[in-house]
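# Structural characterization, general
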Amino acid sequence: MDDTKPIIEALAEYVRKYCPHAKILIHQTWAYEDGSERLMRLEYASSKEMLSAVCDCYSKAAQNINSYGIIPCGEAMMMALDMGIEKIHRDTFHASLGAGRYLLALCWYKALTKKDITGNSFNDFDVPVTEQERDVVIKAVNSVVR
């Protein structure tokens, strides 16, 4: 393996060598919460600015490795915030243990299975998820995962 090659390219090569029929998808991360010390340390003016940079980075990575697609978790988290969810982070940068993790799971489920999540009734969370949060999360995921 070439030490100068970015890790994602080396990983994609490895997967293609040992599992040549695999479809490679990239899990998109998300922006830190507005006001987060980490966000400021990275010199982003807002979480939307950080997400824009995240999306650009993942888009380039997906092209570089010719991936099958991107699981848009970061976009879904921002969409949930835009739709009025109050708390999607638990500590300004990790997903919350209720609605945040539910959103991420639904992103993966829908991206991998292409199944409808509208009627999803899962309800065994580490932290309770309200009906309002459930509705916002489902709508956010449906709006970004195609």
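Cut-offs and rules
Residues numbered from 1 in each chain as written. Predicted model: local features only at pLDDT ≥ 70, side-chain atom pairs only at ≥ 80, totals over all residues. Heavy atoms only, no water. 1 Å grid on protein atoms, 1.4 Å probe; cavity = no way out; pocket = protein on both sides within 12 Å on 5 of 7 lines; lining within 4 Å. Points joined across faces, edges and corners; volume = space filled by probe spheres on them. Axes fitted to C-alpha atoms, helices over the stretch in contact; angles between N-to-C directions. Helix = DSSP H or I, 4+ residues; strand = E, 2+ residues; numbered from the N terminus. Parallel < 35°, antiparallel > 145°, perpendicular 65-115°, else oblique. Left-handed = near helix turned anticlockwise from the far one by under 90°. Contact = heavy atoms within 4.5 Å. Nonpolar A, V, L, I, M, F, W, Y, C, P; charged D, E, K, R; others polar.

### Re empty space enclosed by the protein
One pass over the structure, following the stated rule, counts one cavity of 30 Å³ or more. Computed from the structure, the largest cavity encloses a volume of approximately 40 Å³. Taken together, Trp30, Ala31, Leu51, Gly74, Met77, Met78, Leu81 and His89 make up the full set of residues lining the largest cavity.

### A closer look at the packing of helix α3 (residues 47-65) against helix α4 (residues 73-82)
Contact pair α3 / α4: the axes reach a minimum separation of 10 Å and the direction vectors enclose 155 degrees. Classified by the interaxial angle, the pair formed by α3 and α4 is roughly antiparallel. The handedness of the crossing between α3 and α4 is left-handed. Residue-level inspection shows Ser47, Lys48, Leu51 and Cys55 of α3 in contact with α4, the latter providing Gly74, Glu75, Met78 and Asp82. Residue composition of the contact of α3 with α4, by class: three nonpolar, two polar and three charged.

Don't take any of this as a statement about function, it's just geometry.
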